[in-house]
Amino acid sequence: MVDVALQSRALVSAEAVTRAKALDRLRLGDAAFRLMTRSAAMGVLALLSAVIISLIAGSLPAIKTFGFGFLVSESWNPVTEKFGALPAIYGTILTSFIAMLIAVPIGLMIAFFLTELCPPWLRRPIGIAIELLAGIPSIIYGIWGLFVFAPFLQETLQPFLINTLGNVPGIGSLFAGPPYGIGMLTSGLILAIMVLPFVTSITRDVFEAVPPVLKEAAYGLGCTTWEVVRNVVLPYARVGVIGGVMLGLGRALGETMAVTFVIGNAHRIAASVLAPGTTISATIANEFTEAVGDLYTSALITLGLILFVITFIVLAIARYLLMRIERRIG
Amino acid sequence: MPDTVLASRYAGRRRSNNAATALAFAATIVGVGWLVLILGSLLWQGFSGLSLAVFTQMTPPPGSSGGLLNPIVGSLILTFIAVAIGTPIGILAGTYMAEYGRYDRLTSVVRFINDILLSAPSIVIGLFIYEVMVAPLGHFSGWAGGVALAVLVIPVVVRTTEDMLTLVPDALREAATSIGLPRSLAIRHICYRAARAGMVTGVLLAVARISGETAPLLFTSLNNQFWSTNLNQPIASLPVIIFQFALSPYKDWQSLAWTGALIITLAVLALSISARALVATGKQS
């Protein structure tokens, strides 16, 4: 009797021990998994910090040599090791500006078409087509720009601009010079085609998020379709649209391959938008592997740092605006 | 008198409405047509060069015929490395954000930073990897190219993993907890399974994103005219070969560049379409 009781107690305690062990193992596994996921999340933060730190470290020699003058100097001479970022910054901003000037109105009008005018059966195919096109790699746009688009512009649009707008006093110098085919304007146009899908799909999404009640009320008052879009949809979706535009701008500023093919890589600031120029990303892509000497490499990395800071600010504003509209909808 | 004023005002409103509608139609035709034009010329130029030789022969010296076997294999290897490194990190980080720290400060910061990484210029990522992997080791390498692409994979996977896990209904988690399943097992066996289609989609989208990336490879994995699978050496990749061949003066190289561009585009389109199909079937079941 006693034996049995003892035995069973021993059994029970043995079971309890294994049970406790198993629970401990599970608890340990749980804590380990949680730690792993948390460190991976921290890793994303560490990644961004590492990018910034390494860029700053790499650009120190150039910053020490040129100081603040790097930002405003126009010279770029690898032989005498005199470097300045101004032509590249100017080219980056000008090409992106041309791109947004064209892509934003077209993107807004396409979004207007898709949300208000398009027959429902056509809405999905066009929407999908636009989203698929957003995924086409930029090098495809580059090769198309070099072989098809630039020769086409050289023969049609550019002579036309030179012969008409080129003679207008005031803005004439913007369209002066020979039609090279490649150059700032061509790069801007290609960037416009590239960012169009981004701008369109985000604007469409924010247009669709406008409460139908608002639109119906406006229609009920007798507004035309255009008046509804102009006075109800656009004001309501304004923040989201600006966010989408900034997101497209961020893409355009940092875009490398599509531009590198057709920009012409000339380190000078020309008055004419038809002239070849350069952008930050195109300069890095073209010259980095051939850069001889620490100062040359460092100057290119400094360009990268400038680009990163510019796009970071633009993208941060874009995300902030889009987050605001998401919160309002959600 | 007021009647005619009203009528003319109404006519004016109708005119501006018609004008805006016409503009919207025109914009859609121009926008979509332009993009169709690009794809059309790509098909036109690329298909003429497409043959079996493209997939079986090495890149040629200028002036002779050849194929794209070494860059195709190089691209596959680099993509594989990038996915192998980037996916686990991305999934773990996304898991933390959706499961453990959904309402954390950390999560909202990570989400913000991740969204910025998602559209950060890829050439800057190339510079970063050059600084930390190429310059210290003193040579360009396939590993550096793979890691650079992995940096681009991570944000895509983080984003989709978080989104997909957030969609998993809480009732599933509660049921798992109520039968005594520890949190980590519940996540791995219940939530991952429920969100699997969406998470695979994320990886597919990431592959589509990196398969055409050129800028981060230019000064990490560099390029190689010859057959090489040594990851400590420069390795050929399709985008970089396209870049080099397209800018060369040789006709053979240029037509190979078009063919390469066609292959990449078809691969990217196939990946994004299958990702879409996957999401669609996931929604139905």
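Since the model is a prediction, treat every value here as computed from it, not as a measurement.

**Student:** Before we move on, could you go through the overall build of chain B and cite the residues and values that matter?
**Tutor:** Across its full length, chain B carries 11 helices and 0 strands. If you list the helices and strands of chain B from N to C, you get α-α-α-α-α-α-α-α-α-α-α. In terms of overall dimensions, chain B is more spread out than a globule: its C-alpha atoms have a radius of gyration of 25 Å, far above the 19 Å expected for 285 residues. If one aligns the C-alpha atoms of chain B with their principal axes, the spans along those axes are about 80 × 65 × 35 Å.

**Student:** Describe the overall build of chain A, naming the residues involved and giving the relevant values.
**Tutor:** Assigned secondary structure in chain A consists of 12 helices and 2 strands. Taken from N to C terminus, the helices and strands of chain A fall in the order α-α-β-β-α-α-α-α-α-α-α-α-α-α. Computed over C-alpha atoms, the radius of gyration of chain A comes to 29 Å, more than 25% over the 20 Å expected from 2.2 N^0.38 for 330 residues, which places it beyond the range of a compact globule. The C-alpha extent of chain A, read off along each of the three principal axes, is 115 × 70 × 35 Å. Buried residues in chain A amount to 52% of all 330 residues. Counting only contacts in chain A whose residues sit at least 6 apart along the sequence, the fraction spanning at least 24 positions is 75%.

**Student:** Any details on the pattern of salt bridges? Residues and values, ideally.
**Tutor:** Under the criterion given, the structure shown has 13 salt bridges over all chains. For Arg276 of chain B, the salt bridge goes to Glu131 of chain A, with nearest N and O atoms at 2.2 Å. Here the residue Arg276 of chain B occupies a position in helix H11 (residues 251–284), and Glu131 of chain A occupies one in helix H4 (residues 120–134), the pair thus bridging two chains. The exposure class of Glu131 of chain A is partly exposed, given its relative accessible area of 31%.

**Student:** I'd like a rundown of the interface of chain B and chain A, residues and numbers included.
**Tutor:** Listed by partner, the interface residues are 80 residues for chain B and 79 residues for chain A. Note on chain B versus chain A: buried area summed over both sides is about 7,100 Å², and carbon and sulfur give 81% of it. Here Glu227 of chain A and Arg13 of chain B are joined by a salt bridge, their closest N and O atoms 2.8 Å apart. For the pair chain B and chain A, the number of links is 8 residue pairs in polar contact (both at pLDDT 80 or more). Sorting the residues of the side of chain B that touches chain A by element identifies helix H1 (2–47), helix H3 (69–100), helix H4 (105–118), helix H5 (122–137), helix H6 (142–167), helix H8 (183–194), helix H10 (238–246) and H11 of chain B as the ones contributing at least two each. Of the residues forming the side of chain B that touches chain A, the biggest block, 19 residues, is contributed by H1 of chain B. Its residues assigned to classes, the side of chain B that touches chain A comprises 57 nonpolar, 15 polar and 8 charged.

**Student:** An account of the nonpolar core is requested, with residue identities and associated values reported.
**Tutor:** Counting 177 residues, the largest nonpolar core has Tyr141 and Leu303 of chain A as its most contacted members. Broken down by element, this core gets its largest block of residues, 15 residues, from helix H3 (residues 86–117) of chain A. Aside from chain neighbours lying at most four places away, what touches Leu303 of chain A is Phe70, Trp76, Ala85, Ala88, Ile280, Thr283 and Ile284 of chain A. Judged by nonpolar contacts, the second largest core, of 10 residues, contains Leu247, Leu315 and Ala316 of chain A together with Ile116 of chain B.

**Student:** I'd like to hear about the packing of aromatic side chains, residue by residue, with values.
**Tutor:** Evaluation of the coordinates by the stated rule reveals 18 aromatic pairs over all chains. On the basis of an interplanar angle of 85 degrees and a centroid distance of 5.5 Å, the ring pair of Phe261 of chain A and Phe243 of chain B is categorised as edge-to-face. Within this pair, whereas Phe261 of chain A is found in the loop between helix H10 (257–260) and helix H11 (280–287), its partner Phe243 of chain B is found in helix H10, the two belonging to separate chains. Given a relative accessible area of 3%, Phe261 of chain A falls into the buried group. We classify Phe243 of chain B as buried; its relative accessible area is 10%. Seen from their ring centres, Phe245 of chain B and Trp253 of chain B are 4.2 Å apart, and the 15 degrees between their planes marks the pair as stacked. The pair formed by Phe245 of chain B and Trp253 of chain B is uniform in burial state, with each residue classed as buried. Taken together, the aromatic side chains of Phe66, Phe70, Trp76, Phe83 and Tyr296 of chain A make up a single cluster linked through ring pairs. Positioned over the ring face of Phe33 of chain A is Arg188 of chain B, at 4.9 Å from the centre of the ring.

**Student:** Explain H5 of chain B residue by residue, including any values.
**Tutor:** Residues and elements named next belong to chain B. The first and last C-alpha atoms of H5 sit 22 Å apart over 16 residues, in line with the 22 Å expected at 1.5 Å per residue. At Tyr130, H5 is bent by approximately 45 degrees, the largest bend along its length. Considered for burial, the residues of H5 that qualify are Ser122, Ile123, Val124, Ile125, Gly126, Leu127, Phe128, Ile129, Tyr130, Glu131 and Val134. Backbone geometry just after H5 places Gly138 at a positive phi near 85 degrees.

**Student:** Tell me what's going on with a nonpolar patch on the surface, and back it up with residues and numbers.
**Tutor:** Residue and element names in this part refer to chain A. Together, Leu165, Val168, Ile171 and Leu174 make up an exposed nonpolar region whose accessible area comes to about 260 Å². Tracing the chain through its elements places Leu165 in the loop between helix H6 (157–163) and helix H7 (184–208). What makes Leu165 partly exposed here is its relative accessible area of 30%.

**Student:** Can you break down the packing of helix H8 (residues 212–220) of chain A against helix H9 (residues 225–254) of chain A residue by residue, with the values?
**Tutor:** Residues and elements named next belong to chain A. Taken N-terminus to C-terminus, the directions of H8 and H9 make an angle of 145 degrees; their axes are 10 Å apart at the nearest point. Considering the relative orientation of H8 and H9, their crossing is right-handed. Here Leu214, Lys215, Ala218 and Tyr219 of H8 lie close against H9, whose contacting residues are Thr225, Val228, Val232, Val233 and Tyr236. Of the residues in the contact of H8 with H9, the class split is 7 nonpolar, 1 polar and 1 charged.

**Student:** Tell me about the side chain of Thr311 of chain A, and name the residues and values.
**Tutor:** Position of Thr311 of chain A relative to the elements: it lies in helix H12 (residues 294–329). Within polar-contact distance, the side chain of Thr311 of chain A engages the backbone oxygen of Phe308 of chain A at 3.1 Å. Among all residues touching Thr311 of chain A, those that are not within four sequence positions of it are Gly250, Leu253 and Gly254 of chain A together with Pro121 of chain B.

Rules behind the numbers
- Just so you know, the residues in each chain are numbered from 1, in the order the chain's sequence is written.
- Chain letters start at A and ligand numbers start at 1, both assigned in the order the entries are written.
- For a predicted model such as this one, the threshold for reporting local features is a pLDDT of at least 70, and the threshold for listing and counting side-chain atom pairs is 80 or more; totals across whole chains, interfaces and linings nevertheless cover every residue.
- In computing side-chain properties, one takes all heavy atoms of the structure into account and sets aside hydrogens as well as water.
- In this description a helix means any DSSP run of H or I spanning at least four residues, a strand means any run of E spanning at least two, and both kinds are numbered starting from the N terminus.
- Radius of gyration: C-alpha atoms only; globule rule: 2.2 Å multiplied by the number of residues to the exponent 0.38.
- Only protein chains enter the accessibility calculation, which uses a 1.4 Å probe; a residue is then buried when its area is under 20% of its type maximum, exposed when over 50%, and partly exposed in between.
- We call two residues in contact whenever any of their non-hydrogen atoms come within 4.5 Å of each other.
- Should a side-chain nitrogen of Lys or Arg be within 4 Å of a carboxyl oxygen of Asp or Glu, the pair is scored as a salt bridge.
- Note on definitions: buried area is the accessible-area loss of two parts on being combined, 1.4 Å probe, summed for both.
- Under this definition, polar contacts are N or O atom pairs within 3.5 Å; protein pairs additionally need one hydrogen-donor-capable and one acceptor-capable atom, and for neighbouring residues in sequence, both atoms have to be side-chain atoms.
- Note on residue categories: nonpolar means Ala, Val, Leu, Ile, Met, Phe, Trp, Tyr, Cys or Pro, charged means Asp, Glu, Lys or Arg, and polar means any other residue, Gly included.
- As used in this record, nonpolar core signifies buried Ala, Val, Leu, Ile, Met, Phe, Trp, Tyr and Cys residues forming a set joined through side-chain atoms within 4.5 Å.
- By convention, a stacked pair of Phe, Tyr or Trp rings (six-membered ring in the case of Trp) has centres within 6.5 Å and planes under 30 degrees apart, an edge-to-face pair has planes over 60 apart, and any other such pair is tilted.
- We count a charge as sitting over a ring when the NZ of a lysine or the CZ of an arginine lies within 6 Å of the ring centre and within 35 degrees of the ring normal.
- The span one expects for a helix is its residue count, reduced by one, times 1.5 Å.
- What we call the bend at a residue is the angle made by axes fitted to the seven residues finishing there and the seven residues starting there.
- Exposure above 30% relative accessible area and the lack of any salt bridge qualify a residue for a patch; like charges then connect within 9 Å, and the nonpolar side chains Val, Leu, Ile, Met, Phe, Trp and Tyr within 5 Å.
- Here, Shrake-Rupley sampling with a 1.4 Å probe gives the accessible areas, and only protein chains in the shown set may cover a residue.
- Note on geometry: axes are lines fitted to C-alpha atoms, helical ones only across the stretch in contact, with angles between N-to-C directions running from 0 to 180 degrees.
- In this scheme the handedness of a crossing depends on how the near helix is turned from the far one: anticlockwise by less than a right angle means left-handed, clockwise means right-handed.

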